[in-house]
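Letter by letter, the chains look like this.
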Amino acid sequence: QVRLVESGGGSVQTGDSLRLSCTSNGLTLWMGWWRQYPGKEREFVAALNWPTGVTRYAQGIRGRFTISGDRPANTVFLQMSNLKPEDAAVYYCAGQVRAKSGILTTGAYDSWGQGTRVTVSA
């Protein structure tokens, strides 16, 4: 288990950009971003594999959102561009400490951040 601290959420307008950050206090294999709408399950957004630099994105996300990281700082970023009202959600950072399959599933992650809210007004 590691502790993950997110920051960067806020209120923006349609078409604006926002960058989320997540810092871990320990090493992880994968770092991912998920989002959750009220009353819904968390859904995968993007993930970064630290050893290889491989990234994965949810369908429809690539091109607007970019995941990147600062390895020495154990910090992963989610750069969100051209935000739409449907992007409004609570965004969670997740870290995988022990290797597991199914990186697009919540069960593959060992630790979660507290969440940061993104609001997008039309």
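In what follows, the structure referred to is the one given above.
The sections below set out a description of the structure shown in this document. (Residues numbered from 1 in each chain as written. Predicted model: local features only at pLDDT ≥ 70, side-chain atom pairs only at ≥ 80, totals over all residues. Heavy atoms only, no water.)

Topic: the overall build of the protein chain
So, step 1. Of the regular secondary structure elements, the protein chain holds zero helices and 11 strands.
So, step 2. Ordered by position from N to C terminus, the α and β elements of the protein chain give β-β-β-β-β-β-β-β-β-β-β.
So, step 3. The C-alpha radius of gyration computed for the protein chain amounts to 13 Å, which stays within 12% of the reference 14 Å derived for 122 residues, consistent with globular compactness.
So, step 4. For the C-alpha atoms alone, the extent of the protein chain along its principal axes is close to 40 × 30 × 25 Å.
So, step 5. Relative to its full complement of 122 residues, the protein chain shows a buried share of 46%.
So, step 6. Partitioning the contacts of the protein chain with sequence separation of at least 6, the portion at a separation of at least 24 is 56%.
So, step 7. Accessible area for the protein chain stands at about 6000 Å²; split by element, carbon and sulfur atoms hold 48% of it.
So, step 8. Computing the positive centroid from 13 side-chain charges and the negative centroid from 8, the protein chain places the two 4 Å apart. (Helix = DSSP H or I, 4+ residues; strand = E, 2+ residues; numbered from the N terminus. Rg over C-alpha atoms; globule rule 2.2 N^0.38 Å. Buried < 20%, exposed > 50% of the residue type's maximum accessible area, 1.4 Å probe, protein only. Contact = heavy atoms within 4.5 Å. Areas by Shrake-Rupley, 256 points an atom, 1.4 Å probe, with all protein chains shown as cover. Lys, Arg positive; Asp, Glu negative; His and termini not counted. Charge placed at Lys NZ, Arg CZ, Asp CG, Glu CD.)

A closer look at the pattern of salt bridges
Should their charged atoms come close, side chains of opposite charge can pair.
So, step 1. What the rule picks out here adds up to five salt bridges.
So, step 2. Note that Asp 110 is salt-bridged to Arg 98, the shortest N-O span being 2.9 Å. In this pair, Asp 110 sits in the loop between strand S9 (89-96) and strand S10 (111-112) while Arg 98 sits in the loop between S9 and S10, placing the two residues 12 residues apart along the sequence.
So, step 3. By relative accessible area, Asp 110 is classed as buried at 8%.
So, step 4. Residue class for Arg 98 comes out partly exposed when judged on its relative accessible area of 47%.
So, step 5. With a shortest N-O distance of 2.5 Å, Asp 110 and Lys 100 are connected by a salt bridge. Here Asp 110, found in the loop between S9 and S10, pairs with Lys 100, found in the loop between S9 and S10; they are 10 residues apart in sequence, far enough to count as distant.
So, step 6. One connected set of salt bridges, linked through shared partners, spans Arg 35, Glu 43, Arg 64 and Asp 87. (Salt bridge = Lys/Arg side-chain N within 4 Å of Asp/Glu carboxyl O.)

Considerations on unusual backbone geometry
So, step 1. Backbone geometry at Asn 74 places phi at a positive 50°, although glycine is not the residue there.
So, step 2. Classification of Asn 74 as buried rests on a relative accessible area of 14%.
So, step 3. Look at Asn 82: it is not a glycine, yet its phi comes out positive at around 50°.
So, step 4. You can call Asn 82 partly exposed: its relative accessible area is 41%.

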